[in-house]
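Here's the letter readout for the chains.
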Amino acid sequence: MTKPEKPQRFASACPHDCPSTCAVEVEVHADGRIGRIHGARDNEYTAGVICAKVARYAERLHHPERLTKPLRRTGPKGSNQFEEISWNAALEEITEKFLEAEKRHGPQSVWPYFFAGTMGLVQRDSINRLRNAKSYSGMYQTFCTNMAWTGYIAGTGKLAGPDPREMALADAVVIWGTNPVATQVNVMTHAIKARKKRKAKIVVIDVYQTETMKQADIGLVLKPGSDAALACAVMHVLFRDGYADREYMEKYADAPAQLEDHLKTRSPQWASKITGLSVEQIEELAKLIGETKKTFFRLGYGFTRQRNGVVSMHAASCIAVVGGHYQYEGGGAFHNNGAIFGLNMAMVEAHSLADNEIRKLDMSQVGRVLTGDKEALMDGPPVTAMLIQNTNPVSVAPEQTLVKEGFAREDLFTVVHEQFMTETAMMADIVLPATQFLEHDDIYKGGGHQNILFGPKLVEAPGEAKPNLWVLNELIERLGGTAHEGHKMTAREHIDWMLKNSKYSGGLQELEEKRWLDCQPDFEEAHYLNGFGYEDGKFRFKPDWANIPAPNNGPMGSWQDMPVLPDHWDVNEMPTSDYPFRLVTSPARSFLNSTFTQTESSVKKEGRPTAMLHTLDAAALGVEEGDAIVLSNHRGDVYLHACVGDRPQQGTIVAEGIWPNAAHENGNGINTLTSADQTAPFGGAAFHDIRVAVRKV
Ligand SMILES: Nc1nc2c(c(=O)[nH]1)N[C@H]1C(S)=C(S)[C@@H](COP(=O)(O)OP(=O)(O)OC[C@H]3O[C@@H](n4cnc5c(=O)[nH]c(N)nc54)[C@H](O)[C@@H]3O)O[C@H]1N2
Ligand SMILES: Nc1nc2c(c(=O)[nH]1)N[C@H]1C(S)=C(S)[C@@H](COP(=O)(O)OP(=O)(O)OC[C@H]3O[C@@H](n4cnc5c(=O)[nH]c(N)nc54)[C@H](O)[C@@H]3O)O[C@H]1N2
Ligand code: SF4
Ligand SMILES: [Mo]
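Parameters at a glance
- Along each chain, the written sequence defines residue order, and numbers are assigned to residues from 1.
- Labels follow written order: the first chain is A, the first ligand is 1, and so on.
- Where totals are concerned, whole chains, interfaces and linings use all residues; where local detail is concerned, this predicted model gives features only for residues with pLDDT of at least 70, and gives and counts side-chain atom pairs only at 80 or more.
- The side-chain figures draw on all heavy atoms in the structure; neither hydrogens nor water molecules are used.
- Nearness here has a simple test: a residue counts as near a molecule or strand if at least one of its heavy atoms is within 4 Å of that partner.
- Here a polar contact means two N or O atoms within 3.5 Å. Within protein one must be a hydrogen donor candidate and the other an acceptor candidate, and residues neighboring in sequence count only if both atoms are side-chain atoms.
- Residue burial considers only the protein chains on display, and all accessible areas are found by Shrake-Rupley using a 1.4 Å probe.
- Domain ranges listed in this record stem from an automatic or a database domain assignment.
- UniProt positions are given in the numbering used here, feature names are shortened, and annotations may be inferred rather than shown by experiment.
- Secondary structure elements follow DSSP: runs of H or I of four or more residues count as helices, runs of E of two or more count as strands, with numbering from the N terminus.
- Only one rule defines a salt bridge in this text: a Lys or Arg side-chain nitrogen within 4 Å of an Asp or Glu carboxyl oxygen.
- Accessible area is worked out with a 1.4 Å probe on protein chains only. A residue is then buried under 20% of its type maximum, exposed over 50%, and partly exposed in between.
- Here an angle of 0 to 180 degrees is reported between the N-to-C directions of two axes, which are lines fitted to C-alpha atoms, with helices fitted over the stretch in contact.
- The cut-offs work like this: below 35 degrees is roughly parallel, past 145 is roughly antiparallel, 65 to 115 is roughly perpendicular, and the gaps in between are oblique.
- The sense of a crossing depends on the near helix, which, turned anticlockwise from the far helix by less than a right angle, makes the crossing left-handed and, turned clockwise, makes it right-handed.
- Working rule for contacts: check all heavy atoms of both residues, and any pair within 4.5 Å makes them a contact.
- Following the grouping adopted for this structure description, the nonpolar residues are Ala, Val, Leu, Ile, Met, Phe, Trp, Tyr, Cys and Pro, the charged ones are Asp, Glu, Lys and Arg, and the polar ones are all others, Gly among them.
- DSSP calls a pair of strands paired once it identifies at least 2 bridges connecting them.
- For this analysis, a nonpolar core means a set of buried residues of the types Ala, Val, Leu, Ile, Met, Phe, Trp, Tyr and Cys, connected via side-chain atoms within 4.5 Å.
- Here a cavity is any set of points on a 1 Å grid over the protein atoms alone where a 1.4 Å probe fits but cannot get out, and a pocket is any open set with protein on both sides within 12 Å along at least 5 of 7 lines; a residue lines the site when it has an atom within 4 Å of a point.
- Grid points are joined across faces, edges and corners, and a volume is the space filled by probe spheres set on the points.

Caption draft 1: Broad picture of the site of ligand 2. As a structural note, the neighbourhood of ligand 2 is formed by 30 residues, with T391, H417, E418, N468 and S594 the closest of them. Contacts to ligand 2 include N468, whose side-chain N or O atom sits 2.8 Å from a nitrogen atom. Protein chains bury 97% of the 920 Å² of accessible surface belonging to ligand 2 in isolation. The residues that make up the shell around ligand 2 include at least three from each of domain 2 (71–140 + 342–434 + 464–486) and domain 4 (581–696).

In structure tokens:
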């Protein structure tokens, strides 16, 4: 008998929509199949650790249900009846239908729609080159980062902060509104290192007891949307008890005296009522932060997915300025490193062809757009044709009732380029098979760290699956898009151009040799000791809300009413007598948004769709563990099973994970209940800000 051959290991990067962007090593067997995926040990941020769902990626890559052929719909929309066709026939039909749409209502009736199913800059963002070459409608990206980024940048003027590896050098780590055990494992690696080496205290602030909180020294379960109140009370104590660094603020902040005066009434007693935390809990947290100059605040996305989320993020980010924590190694507030890389996207997206006058439709409002809402359509023509890549709106977008109604429209021509027959693909007229990350070349940058990484093509794609870039370039040519150098370039050429036309003169060759580029700015810059991101170098306690230097479609929502200084802003979807509970739709550990809902081991680990509720609430409703329950509000109703305990506060319901709509009894998924309202000041979906009624089935 021959010994089984040992797989070779190749370097790559995890492509998923996760701030960790892990440096990985992939086992590849001689027959072209992959084995396990490992975290790269010599990458200082990944430090050899990745999440379980990606470690067992072979299950997703070699899944028997991968799409391998282009398909054309033969039955009614959503019936899952398709026939196989050739690539040529598929591309011809798309071309004909897109040109027809353009002729009838103008180019803006075609809407390329995409998101971060892959975070590779070439495969993800090239769709904007098609958009620019054809003057199609643009897309305003509001699913994920808008509120968090805007809230953070409001204070600092820049999306960057202390080196995330410094977490390991902190004496206290405050993990705020994120659940890293599930959503970005590496944060835990570095926080635990700080605990082991320096006896650092770990604080976790969430709306229920998460797996992350189980590992914390101090776990605070507050009411959804009350984080700014907590932040204000903490700052109140810092000023009250002599922890505030007035000298630092004088030099580095815009209005410290005004802030101090304003916070006099924002006491722990005041915040206790809003947050549902005890005065002692708030005092304990404030004392720890005040006494510990090396406090590293790791601010997540979760607590910003509220109508007042931008205000909450800004308020939390102010604490490290009041305490002067930014001056110390291991201290300061970090959210995301987006601003440090400076990668030039002009070729990938064909910036020279962009027309900024053309509308950018809000992706979260896809339901309203497709059902003809005039405001959502920005008073422009209807959308009658779509190309969708890297996202699954008929599952992840809010207001699912409208989303499903919209995608069912007979006069809408929908093309979905996918790896699996998702619920969105099921609504398509043409489905195109897509490659996975190990089957194409791409470049990735960290959100939660400081590396640029390369992910090369390592294995052949199954059947006729094709990369996004190939599909887009084929379509641009057939559709007669305006000429551009980028249309003819391979992924490797795009990556090389991008690097060389940014600050990385070594191009792709250097990146391939080094495996990752460490782009961490020096200590002074990262800690804003040369000044914050605004021209005067000062942190803003009083942001100019309509003019934050963040990506935006212009001010929206009730931005005029935003508090001038950090404060509790009472604009959330609060309980009423009809809908007395607040629902939060937190991520599930074994899924990644709607991804991995096809892999058996993930589904097995997650079990079935559940909603956690407090023991006392359950008792009042006559609900017991495992009972079938219905969550409802004016947007619809969703069936799940009860999980009774003391993980959230009374009045809060937590449903983990975006299960497929079909996994719920009446075919309505969790996003039936969520809202697509635009939050202030630049939009973004408030996925965790929902009121509901609960009843036993
Ligand atoms: N396993 C897994 N990993 C993921 C994802 C996934 O779905 N599953 N999603 C990926 C994506 S796209 C993203 S953007 C990131 C997001 O990662 P995170 O930054 O972790 O953000 P969220 O997933 O929105 O929510 C994180 C936590 O915020 C809590 N939360 C909700 N409302 C509030 C509030 O008002 N106050 C406070 N303090 N906490 C609140 C939730 O209960 C949840 O535990 O994770 C990525 N990683
Ligand atoms: N209720 C609720 N809803 C939420 C959230 C929540 O917390 N609660 N979170 C929101 C957030 S933060 C986000 S980011 C969104 C994300 O939601 P989605 O944008 O749907 O993200 P994913 O599920 O990660 O990926 C979508 C699809 O991309 C496909 N894909 C991956 N790589 C490629 C590729 O190279 N080419 C092509 N053509 N396809 C590819 C995958 O197969 C997958 O089906 O969900 C949002 N929805
Ligand atoms: S932790 Fe995030 S980046 Fe790392 S392997 Fe898992 S999904 Fe990918
Ligand atoms: Mo996200």
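Caption draft 2: Here's a closer look at the UniProt feature "domain: 4Fe-4S Mo/W bis-MGD-type" (unreviewed entry) in the protein. Mapped onto this numbering, the UniProt entry gives "domain: 4Fe-4S Mo/W bis-MGD-type" (unreviewed entry) at residues 7–65. Secondary structure over residues 7–65 splits into 14% helix and 31% strand, and the C-alpha atoms at its two ends are 25 Å apart.

Caption draft 3: A look at the pattern of salt bridges. Applying the stated rule across the entire model yields 45 salt bridges. We note a salt bridge from K287 to E291, for which the minimum N-O separation is 3.5 Å. Of this pair, K287 and E291 are both found in helix α14 (residues 279–291), four residues apart, which corresponds to roughly one turn of the helix. For K287, a relative accessible area of 45% puts it in the partly exposed group. Judged by relative accessible area, E291 falls into the exposed class, the value being 51%.

Caption draft 4: Geometry of the packing of helix α3 (residues 87–105) against helix α20 (residues 468–479). Direction vectors running N to C along α3 and α20 enclose 55°, while the axes themselves pass 10 Å from each other. As far as their axial angle goes, α20 and α3 are oblique. For the pair α3 and α20, the crossing hand works out as right-handed. Counting all contacts with α3, which are made through W87, N88, L91, E92, I94, T95, F98 and L99, the residues of α20 involved are W470, V471, E474, L475, R478 and L479. Considered class by class, the residues forming the contact of α3 with α20 number nine nonpolar, two polar and three charged.

Caption draft 5: Region of the structure containing the sheet that holds strand β14 (residues 385–389). Taken together, six strands build an open sheet; the order of strands is β5-β4-β16-β15-β14-β6 and the sheet is mixed. Lying at the two open borders of the sheet, with one neighbouring strand each, are β5 (82–84) and β6 (110–114). Shown here is a sheet whose adjacent strand axes are inclined to one another by a mean of 20°, direction ignored.

Caption draft 6: Quick peek at the nonpolar core. Counting 97 residues, the largest nonpolar core has W176, L230 and F541 as the members making the most contacts within it. For this core, the element with the most residues is helix α10 (residues 227–240), which contributes 11 residues. Apart from residues no more than four positions distant in its own chain, L230 is found in contact with W176, I205, L220, L222, A271, T275, L277, I282 and L285.

Caption draft 7: Region of interest: empty space enclosed by the protein. Summed over the entire model, instances satisfying the criterion amount to two cavities of 30 Å³ or more. Every residue lining the largest cavity is counted, 15 residues in all, and those nearest its centre are C14, C18, C22, C51 and V54. Along the lines of polarity and charge, the residues of the lining of the largest cavity split into nine nonpolar, five polar and one charged. Put simply, the second largest cavity is a space of about 30 Å³. Looking at the second largest cavity, the residues that line it are K158, A160, G161, I340, P521, E525, A526 and Y528.

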